[in-house]
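Structure assessment
The residues making up each chain are set out below.
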Amino acid sequence: MIESVANVSTERPERYLKQLVSHLGRRVDSEQTEDGSAGSLTFGSGGCTLRVEPGALVMTARAADDERLAAVQDVVTRHLVRFATQEELVVEWSAAAEVS
């Protein structure tokens, strides 16, 4: 399994987490904590966990290989950027790293 992380600077991390889980949850398995501070998305190609930090949305994508990881990153990034109508978000994923 490999993973990469994106720390997206925003004043609205809770809002974007909720939107991603709600919107993508129509097509994939999704969960959100009761307090809205964390969530997860499970795709056929991998998954993504979402966590609210002060001033940032931290997204961790995981998949079996680089191709599937890129697919997870692409879907999450495209939807997040589309939701951000009031600010321009910059999503930069770290290099893929192997995890156990």
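Up top you'll find the structure we're talking about.
The model shown is predicted, which means the values in this text are computed figures rather than measured ones. (Residues numbered from 1 in each chain as written. Predicted model: local features only at pLDDT ≥ 70, side-chain atom pairs only at ≥ 80, totals over all residues. Heavy atoms only, no water.)

**A few points about the overall build of the protein**
When helices and strands are tallied, the protein shows 2 helices and 6 strands. Helices and strands in the protein line up, N terminus first, as β-α-β-β-β-β-α-β. Relative to its length of 100 residues, the protein is compact, with a C-alpha radius of gyration of 12 Å against a globular reference of 13 Å. The dimensions of the protein, computed from C-alpha atoms along their principal axes, are 35 × 25 × 20 Å. For the protein, with 100 residues in total, the buried portion stands at 42%. The contacts of the protein with a sequence gap of at least 6 include a subset with a gap of at least 24, amounting to 60%. For the protein, the accessible area works out to roughly 5,800 Å², and carbon and sulfur atoms hold 45% of it. (Helix = DSSP H or I, 4+ residues; strand = E, 2+ residues; numbered from the N terminus. Rg over C-alpha atoms; globule rule 2.2 N^0.38 Å. Buried < 20%, exposed > 50% of the residue type's maximum accessible area, 1.4 Å probe, protein only. Contact = heavy atoms within 4.5 Å. Areas by Shrake-Rupley, 256 points an atom, 1.4 Å probe, with all protein chains shown as cover.)

**Section: the sheet that holds strand E3 (residues 38–42)**
One open sheet accounts for 6 strands, arranged E2-E3-E4-E5-E1-E6; its pairing is antiparallel. Here the strands that pair on one side only, and so sit at the sheet edges, are strand E2 (29–32) and strand E6 (97–98). Here 8 bridges tie strand E4 (residues 46–53) to strand E5 (residues 56–63), and the two strands are oriented antiparallel to one another. Residue pairing across strands places Val52 opposite Leu57, the latter belonging to E5. Along the sheet, helix H2 (residues 66–83) contacts strand E1 (2–9), E3, E4 and E5; its crossing angle with E5, the most-contacted strand, is approximately 150°. (Pairing = 2+ DSSP bridges. Axes fitted to C-alpha atoms, helices over the stretch in contact; angles between N-to-C directions.)

**Focus on the side chain of Thr10**
Note on placement: Thr10 falls in the loop between E1 and helix H1 (13–24). Reaching out from Thr10, the side chain makes a polar contact with the side chain of Glu87 at a distance of 2.8 Å. In this view, Thr10 contacts Tyr16, Gly55, Ala56, Leu57, Glu87 and Leu89; residues no more than four positions away in its chain are not counted. (Polar contact = N/O pair within 3.5 Å; in protein donor to acceptor, adjacent residues only side chain to side chain.)

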